[in-house]
Amino acid sequence: MSIGRIVRHLVQHHWRARQVFPQGVLDRIEQAIKRSEATHSGQVRFVVEGALDGRPLFRNQHARERALDVFSHLRIWDTAHNNGVLIYLLLADRDVEIIADRGIDAKVGSEGWETICRAMEAEFGAGQFERGVIDGIAAVSKELAKYYPPGGPHPNELPDKPVVM
């Protein structure tokens, strides 16, 4: 575990997520999720966590492991067609992870998700957080539409509202 990572997480903490993602940006992200879900029968969630603290930080938990915890905690795996997708951003590390339920994950695969994550991280590196998230939602939705088209009415199984942790 690096001292630099600990300091970065302790200094940036949770206020940074609210600074980068104020309510107006969160509202636009929610609308992007709503629009995207009209193009497929999958479910998309976006979670941003400003920084880790306590046990996750001192256990040196990395973004992927944390995203798996969040995926489980928010029950994103609990969709009728196994096509829920979490886009998780650990802001202090500027690390994006996509965790997908087994139905869609088997079709897109880790390489496909990784391509989307790296494109989002490039936008974040340029300070374009809102655009990076909305472009990421669009890319995830393109994959969902390819394999899970909107075959008639489908319930919204998961909330569209972004989560700030």
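Residues numbered from 1 in each chain as written. Predicted model: local features only at pLDDT ≥ 70, side-chain atom pairs only at ≥ 80, totals over all residues. Heavy atoms only, no water.

**Structural notes on the nonpolar core**
- Judged by nonpolar contacts, the single largest core of 31 residues is most densely connected at Phe21, Phe46, Ile87, Trp113 and Val140.
- Within the residue set of this core, elements represented by two or more residues are helix 2 (15-20), helix 3 (23-37), strand 1 (43-49), strand 2 (84-90), strand 3 (95-100), helix 6 (102-125) and helix 7 (129-147).
- Per element, the largest residue contribution to this core is seven residues, and it comes from helix 6.
- Excluding anything up to four places from it in sequence, Trp113 contacts Val85, Ile98, Ala100, Ile104, Asp105, Val108 and Val140.
- Listed in part, the twelve residues of the second largest apolar core include Ala67, Phe71, Leu86 and Tyr88. (Core = buried A, V, L, I, M, F, W, Y, C linked by side-chain atoms within 4.5 Å. Buried < 20%, exposed > 50% of the residue type's maximum accessible area, 1.4 Å probe, protein only. Helix = DSSP H or I, 4+ residues; strand = E, 2+ residues; numbered from the N terminus. Contact = heavy atoms within 4.5 Å.)

**Some thoughts on the packing of aromatic side chains**
- Within this structure, the stated rule accounts for three aromatic pairs.
- Between Phe21 and Phe129, the ring centres sit 6.1 Å apart and the planes meet at 75 degrees, which makes this aromatic pair edge-to-face. Note that Phe21 is positioned in the loop between helix 2 and helix 3 and Phe129 in helix 7, a separation of 108 residues in sequence. Phe129 matches Phe21 in its accessibility class, with the two residues each being buried.
- An angle of 15 degrees between the planes, with centres 5.1 Å apart, marks the rings of Phe124 and Phe129 as stacked.
- A relative accessible area of 0% places Phe124 in the buried class.
- Residue class for Phe129 comes out buried when judged on its relative accessible area of 8%.
- Ring pairing ties together the aromatic residues Phe21, Phe46, Phe124 and Phe129, which thus form one cluster. (Phe/Tyr/Trp six-rings, centres within 6.5 Å; stacked < 30°, edge-to-face > 60°.)

**Observations concerning helix 7**
- Along its 19 residues, helix 7 runs 28 Å from first to last C-alpha, staying within 8% of the 27 Å computed at 1.5 Å per residue.
- Of all the residues in helix 7, the buried ones are Phe129, Gly132, Val133, Gly136, Ile137, Val140, Ser141, Glu143 and Leu144. Buried residues of helix 7, seen end-on, are gathered within an arc of 165 degrees and therefore sit on one face of the element. Exposed side chains of helix 7 directed beyond 90 degrees from the buried face belong to Lys142 and Lys146. (Expected span 1.5 Å × (residues − 1). Arc of directions from axis to C-beta.)

**Some thoughts on the pattern of salt bridges**
- This structure, assessed with the given rule, holds twelve salt bridges.
- As a salt-bridge pair, Glu130 and Arg28 come within 2.5 Å of each other at their nearest N and O atoms. In this pair, Glu130 sits in helix 7 while Arg28 sits in helix 3, placing the two residues 102 residues apart along the sequence.
- A relative accessible area of 42% places Arg28 in the partly exposed class.
- A cluster of three or more residues bridged by salt bridges with shared partners is formed by Asp95, Glu114, Arg118 and Glu121. (Salt bridge = Lys/Arg side-chain N within 4 Å of Asp/Glu carboxyl O.)

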